[in-house]
Amino acid sequence: MATYDQAELTYDDATIVYDGMPAARTHSLLIGERDFSDLMDINATSVQDSGTGARSLLQTSIRTKMADAPEIKDQSFVQFVAHGAGPDLYRGFVRSRHPESGVTPMLEIIADDIGGLLDDTYIVSELRPAETLQVRIAALWSYAAASPLSSDLSGVAALGGTLPAQDFTLMSLRQAIEAAMAQASSTARYFVDTKGALYILSGAASAAPFAVVIGTPGAGQIAPEDLDVDYDSNIYANRVYVKGGTPEGSGFVRNEAAITAASGLIRDRVLDAPDCETVTMRNALANMYLGRVAGAIARGRFSTESPNDGWNAGQDVTVTDTGMGLSGSFRIAAVTTSFTKTTTGYIRHYQIEFGASRARGDQGSQQSSHLVYGDLGVNSRTFVTSDGMQVTDGASTVRVFLGDISGGAGTDYGLKVISSDGTTVIIDGTSDMFRIAATGTLTISSGPAAGVTVAANTLLATGLTYSPASQGFLESGTVAYGLPYLSWNNSTGAIIDRNTLSAWVEGVTSTKVNVNWGSTGDKTAISQTFRYYIYEQTAV
Amino acid sequence: MLSMLIAYDTQGRVVGTLDRLNVHDANGQVVGLVDFEAKEAAGPLRLSGGGVWEVEGAAGSGTWPEWLGSRVHEFRVVVQDGIIEELVHVGRGDVPGSGHRRRRSVVKAAVRARLEQAQEAPADLRDLLGGPDVPLKLNDVGETLPTRRNP
């Protein structure tokens, strides 16, 4: 049981009893604190849930003249409840009104949900020090203190430990929240509930209520009324203008391969990146964006209706159509719910869009931009910085750095890998790497007689045209000795045993591996095995 | 499948191994590992015959599906129709032989079962075969020590 307080309304969602309303009502619509439930056309009503990344919309028609409904004005508070399989609650603000005259005058309205305030609240400049995500979100949320958004931030999880300092300049509240979240977690999700309270949660998306199967559905499955999948390129672009926070962080970036493939045709988009301040960051963001929009994106939609309820944007749904060759799990991008009135209530119709997420960053009120980040696993997070890309471990220690690894000095570029202590460098920009071209073993079954050297050889078709670096060791029981290996008589200092390994080009592109075993004593009764490694430089 | 190469003398004793060998393209870039089993099926493994290696003093060589590290030198090969079908533990130096036999047919059957179990998904064969530089661990008599995956 829950009680909601908003706009001076109180109700209990278990019994759905409203102040001044009959309990048996199937749906309720209040606009500007006036009850329009009896005047609304439920058959012309739809609610679009677009998930967390964009506004959700309510569209409906009301049988009234605009002059007779002065409560319906710009930004009037809207509350819609559809009882039954829910109840579904929508809270928002009137965005547009469209009156139609006739025998029955109608007023069509469109409303933005309360979460849309995230797009309409701007932060001019906020420089945050190193702090926790909860403290940072609280500071950002204070910019919406005068709005109907709730001040309750108890739903914001503690993620990412202490975040690095961050500059929020000329960003919407949604952009700022997403940028802060990107510093804390690559898997976190967020939403604004119907009371206007912000939730930031860790973990993957929840599962859809049903799997979708073309054919005879089994338990937990439904056969949709229709299923359509396309690979559209509506958002295709091969050149992007990054609108960054500084002149250096702004400018055009081209996808030359995509432009060539399009026979020179250039398609532009604008990427809004107010936190981009350097050329390096601009290019990184633009290239990632172009990578997502330079090809067609698989996307689909299907329809179903009550009693198959429980659909929400952000859920993961499994879709299978063997005839189409489609089988996989997809993220639900949008759910549009419409209603058909019946004698006892209404039927809900769901149009569900699924598939690849839309590329963000375009101009427009429904898009937002943020740093691009990827999921590398439970304990790894990836960040785009002004110097390149960073990957941190579960303790928020930077373990991998790609880009300007000199710390912004621009004197060394490449890959830097750091140990778990955060300071020991394993690989840096000047590391010279080798790979193993071949490895194996050789045995000398009968050791040398006194004063003699014996050898074992193998020829390998390595393909190497130069005498390679090599390494090996001698196995003596459970003990291994690196080669060359010498042993001597401690009392006289005389060398009595000598083991070496060498490798060189023998003939055309074949490498000879040679091990030698010499001794001043008789070793003919002893067998020894040698392990060898042949190396080649990765740059050769 | 990838495998290890074993060279043996006239007594069948193992005298050399080749765990892995890189393949280069025409530009000298590494493009993968040599498939020794495919090479063996296509013709001789001897370098002079267009093969991949030649071990001085060896009487012959062939593939073995497991990677056993230098412990394989404690075995003698049993060759049938040019293929190494068994490894017999004969010991070496201070390590006495046990007579334990590692049979190719048994290893291949275990691999087939694992692949069928995985259906089309990738199958993890590391506990069955080991790998170059990560050989199977053997006990004193030449049997594979149990692993967490394959107790």
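Note that the coordinates shown come from a computational prediction; the quantities given were computed from them, not determined experimentally.

Our focus in this paragraph is the nonpolar core. Counting residues in hydrophobic clusters, the biggest one holds 30 residues, and the most contacted among them are Tyr532(A), Ile534(A), Leu18(B), Val52(B) and Trp53(B). Elements supplying a minimum of two residues to this core: strand E32 (434–444), strand E33 (452–460), strand E37 (495–505), strand E38 (511–519) and strand E39 (528–537) of chain A together with strand E1 (4–8), strand E2 (14–24) and strand E4 (53–55) of chain B. With four residues, the top contributor of residues to this core is E32(A). The contact partners of Val52(B), leaving out residues within four places of it in the chain, are Leu459(A), Leu460(A), Ala461(A), Leu5(B), Leu21(B), Val34(B), Phe36(B), Lys39(B), Leu45(B), Arg46(B) and Leu47(B). By size, the runner-up hydrophobic cluster in this structure holds 28 residues, among which are Ile137(A), Trp141(A), Ala176(A) and Ala179(A).

Let us now look at the environment of Leu265(A). Residue and element names in this part refer to chain A. Considering the arrangement of structural elements, one finds Leu265 in the loop between helix H4 (256–261) and strand E22 (268–273). Residues Leu265 and Asn238 lie 27 residues apart in sequence; the distance between their C-alpha atoms is 8.6 Å. Contacts of Leu265, omitting those with residues within four sequence positions, involve Asn238 and Ile259.

Residues and elements named next belong to chain B. Across the sheet, three strands lie side by side as E6-E7-E10; this open sheet has antiparallel pairing. In the strand order of this sheet, the two ends are held by strand E6 (75–80) and strand E10 (101–103), each with one partner. Going from strand to strand, the sheet's axes swing by 25° on average, the running direction of each strand aside. Sheet topology note: the strand E7 (residues 83–89)/E10 ladder contains three bridges and is antiparallel.

Moving on, we come to the interface of chain A and chain B. Facing the 28 residues of chain A at the interface are 25 residues of chain B. Summed over both sides, the interface of chain A with chain B buries roughly 2000 Å², with 42% coming from carbon and sulfur. The largest per-residue losses of area from chain A upon contact with chain B belong to Thr439(A), Thr441(A) and Ala461(A), which jointly make up 21% of the total buried on that side. Counting across the chain A and chain B interface gives one salt bridge. A salt bridge links Arg531(A) to Asp19(B); the shortest N-O distance between them is 3.1 Å. At the junction of chain A and chain B, the tally comes to 20 residue pairs in polar contact (both at pLDDT 80 or more). Contributions of two or more residues to the side of chain A that touches chain B are made by E32, E33 and E39 of chain A. Top contributing element to the side of chain A that touches chain B by residue count: E32(A), with nine residues.

Glancing now at the pairing of strand E21 (residues 251–254) of chain A. Residue and element names in this part refer to chain A. On E21, burial follows the alternation: Gly251 and Val253 on one face are buried, whereas Phe252 and Arg254 on the facing-out side are not. As paired strands, strand E20 (residues 239–244) and E21 are joined by four bridges and run antiparallel to one another. Residue Arg239 lies in a different strand from E21, and its bridge partner there is Arg254. Between E20 and E21, which pair antiparallel and follow one another directly, the connecting turn spans six residues.

The first and last C-alpha atoms of helix H2 (residues 104–118) of chain B sit 21 Å apart over 15 residues, in line with the 21 Å expected at 1.5 Å per residue. Looking at the buried residues of H2(B), the elements they touch are helix H1 (36–42), strand E5 (60–64), E7, E10 and helix H3 (126–129) of chain B.

Turning to the pattern of salt bridges, a few remarks are in order. If the charged atoms of two oppositely charged side chains come close together, the side chains can form a pair. For the coordinates displayed, the defined rule picks out 21 salt bridges over all chains. For Arg103(B), the salt bridge identified is with Glu86(B), shortest N-O distance 3.3 Å. With Arg103(B) in strand E10 and Glu86(B) in strand E7, the pair connects residues that are 17 residues apart, well separated along the chain. Classification of Arg103(B) as partly exposed rests on a relative accessible area of 38%. Several salt bridges share partner residues, and in doing so they unite Glu126(A), Arg128(A), Glu131(A) and Arg136(A) into one network.

Each value, and the rule that gives it
Residues numbered from 1 in each chain as written. Chains lettered and ligands numbered in written order. Predicted model: local features only at pLDDT ≥ 70, side-chain atom pairs only at ≥ 80, totals over all residues. Heavy atoms only, no water. Core = buried A, V, L, I, M, F, W, Y, C linked by side-chain atoms within 4.5 Å. Buried < 20%, exposed > 50% of the residue type's maximum accessible area, 1.4 Å probe, protein only. Helix = DSSP H or I, 4+ residues; strand = E, 2+ residues; numbered from the N terminus. Contact = heavy atoms within 4.5 Å. Pairing = 2+ DSSP bridges. Axes fitted to C-alpha atoms, helices over the stretch in contact; angles between N-to-C directions. Buried area = accessible area lost by both parts, 1.4 Å probe. Salt bridge = Lys/Arg side-chain N within 4 Å of Asp/Glu carboxyl O. Polar contact = N/O pair within 3.5 Å; in protein donor to acceptor, adjacent residues only side chain to side chain. Expected span 1.5 Å × (residues − 1).

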